[in-house]
Amino acid sequence: MKKSKFLYSLPFKLLVSVALGMGFGLLLNFNSESAFTTTALNVIVTLKYILGQLINFCVPLIIIGFIAPSITQLGNNASRMLGIAVFIAYFSSIGAALFSTAAGYLLIPYLSIRSSADSLRSLPDVIFQLSIPQIMPVMSALVLAVMLGLASAWTKAQLMTSLLKEFQNIVLSLVSRILIPILPLFIGLTFCSLAYEGTITRQLPVFLKVIVIVLLGHFIWLFLLYTAAGIYARENPLKVIRHYGPAYLTAIGTMSSAATLAVALQCAGKAKPLRKDMVQFGIPLFANIHLCGSVLTEVFFCMTISKILYGAVPAPGTMALFCILLGVFAIGAPGVPGGTVMASLGLLTGILKFGDYATALMLTIFALQDSFGTACNITGDGALTLILTGYAKKHHIEEQHISI
């Protein structure tokens, strides 16, 4: 990535906002008794509350705007190979989520995480409460999106499909022009509050360890994914993954599956075990619906943040439900930095009961490492394309040019 582009990227803005927020919060902590500190904290808490209300209001719109149109698009192009592709992409995401959940239960108790509720400074109450309720509960939005998408696909309702596509464009505009621009401010204010309370300074080493663990988890999952694909297709997976170096590095630099797609197609095209028609069909599709790295990351981060802020990781039943639904949300996630966690905000607040602090921490940490999650997603697409190739050969599907 060019230096000028990085300076305007969301991760760089988040880094700046986190640094400024933490610096200002520590300054307020050192001068906690002054009138300036009291006034500043009142402004910070109130502004953060209003921004949080606006972000939460958009959550049902994001769910409907991305899940429903994605289902209609899959339905309009329904075929046996498409069904298999969606199934294995969802299975990979769910597998990565459950793998991350198991790792969380095994590793998080040994990260020396202390509850942040002890010996923290208290923040003042919000002085101006601008309540912006959601248009509907999160689960209602999810059920509505799924039913609208399925019914539109089954009845081939062209008008509704067009309307949902237009609505998706509207919601994407809201995300890119309102939510993304205010995120650095919201997160900066949140980190300022956390620094003033003392949470961040106590838990920073834990976050660094978690990021390293997640990166190792990416490589372990890719190994498992390619091994399973090689066994199923009866091909050497090394003949596929050895070509994916350029795509992996490009994904790290661009932080975008769409921007990496051309390189990914070239890399997959060089792999002899992959059928050309499966490459043309699978790689563009998986770039949009296969987010194993992002899902793995989000699950482990949310368990860690729950332990830090609430003193315990979520219950196994809660995490299982979260993982199952997260796979659905990932299929329709918007193509923006941190898109997976943005699309699943409703799950964080509705199922895991995350508050503003926890949500802001998730958005920040996820976006800062999003390039590595994208690289894992793109590299994993080669394994799923190998599975498609094996399925086509086993069922004697004639090789042809396929476009979607």
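A short tour of the structure in this document, coming up. Quick caveat: nothing in here was measured; it's all calculated off a predicted structure.

Scoring rules and cut-offs
Throughout, a residue's number is its position along its own chain's written sequence, starting from 1. In keeping with the model being predicted, local features are shown solely for residues with a pLDDT of at least 70 and side-chain atom pairs are shown and tallied solely at 80 or more, while totals for entire chains, interfaces and linings include all residues. Processing note: side-chain calculations cover all non-hydrogen atoms of the structure and skip hydrogens and water entirely. The helix and strand labels rest on DSSP assignments: H or I over at least four residues marks a helix, E over at least two residues marks a strand, and numbering proceeds from the N terminus. When checking whether two residues touch, look at their non-hydrogen atoms; a contact exists if any pair is within 4.5 Å. Here the open area of atoms and residues is found with the Shrake-Rupley method and a 1.4 Å probe, where only the protein chains shown may cover a residue. For every element, the axis is a line fit to its C-alpha atoms; helices are fit only across the contacting stretch, and the angle between N-to-C directions ranges from 0 to 180 degrees. Should an angle lie under 35 degrees it is considered roughly parallel, over 145 roughly antiparallel, and from 65 to 115 roughly perpendicular; all remaining angles are considered oblique. For this scheme, ten residues count as nonpolar: Ala, Val, Leu, Ile, Met, Phe, Trp, Tyr, Cys and Pro. Four count as charged, namely Asp, Glu, Lys and Arg, and the remainder, Gly too, count as polar. Two aromatic rings, drawn from Phe, Tyr or Trp (for Trp, its six-membered ring), form a pair once their centres lie within 6.5 Å of each other, and the interplanar angle then sorts them: stacked below 30 degrees, edge-to-face above 60, tilted otherwise. Type-normalised accessible area, obtained with a 1.4 Å probe on protein chains alone, sets the label of each residue: buried when under 20%, exposed when over 50%, and partly exposed for intermediate values. A residue's bend is the angle separating two fitted axes: one through the seven residues that end there, the other through the seven that start there. Each reported salt bridge corresponds to a side-chain nitrogen of Lys or Arg within 4 Å of a carboxyl oxygen of Asp or Glu.

Okay, the overall build of the protein chain next. From N to C terminus, the protein chain includes 17 helices and zero strands. Considering only contacts in the protein chain between residues 6 or more positions apart, those separated by 24 or more positions represent 87%. Carbon and sulfur atoms make up 68% of the accessible area of the protein chain, which totals about 17700 Å².

Think of two packed helices as two axes; the pair is described by the angle between the axes and how far apart they sit. In contact at an axis separation of 6 Å, helix H12 (residues 292–310) and helix H17 (residues 370–394) are set at 135° when each is read in the N-to-C sense. By the angle between their directions, the pair H12 and H17 is classed as oblique. Counted together, Cys292, Gly293 and Ser294 of H12 and Asp370, Gly373, Cys376 and Asn377 of H17 form the full contact between these two elements. Among the residues making up the contact of H12 with H17, the classes are represented as two nonpolar, four polar and one charged.

Moving on to the packing of aromatic side chains. Evaluated as defined, the whole model comprises five aromatic pairs. Ring geometry for Phe87 versus Phe91: centroids 6.2 Å apart, planes at 20°, classification stacked. Placement of the pair is Phe87 and Phe91 together in helix H4 (residues 80–107), with a separation of four residues, close to one helical turn. This pair shows no difference in class: Phe87 is exposed, exactly as Phe91 is.

Remark: the principal bend of helix H6 (residues 158–197), roughly 35°, maps to Leu183, with a proline, Pro184, within the next four residues. Once H6 finishes, Gly198 follows within two positions and takes phi at roughly 110°, a positive value.

Take the pattern of salt bridges next. With the rule as written, the count across this model stands at one salt bridge. Here Lys393 makes a salt bridge to Glu235, at a shortest N to O gap of 3.4 Å. Residue Lys393 is found in helix H17, and its partner Glu235 is found in the loop between helix H7 (199–233) and helix H8 (238–241); the two are separated by 158 residues along the sequence. Under the relative-accessibility criterion, Lys393 is labelled partly exposed at 40%. When its relative accessible area of 28% is taken as the criterion, Glu235 is described as partly exposed.

What is shown is where atoms sit, not what they do.
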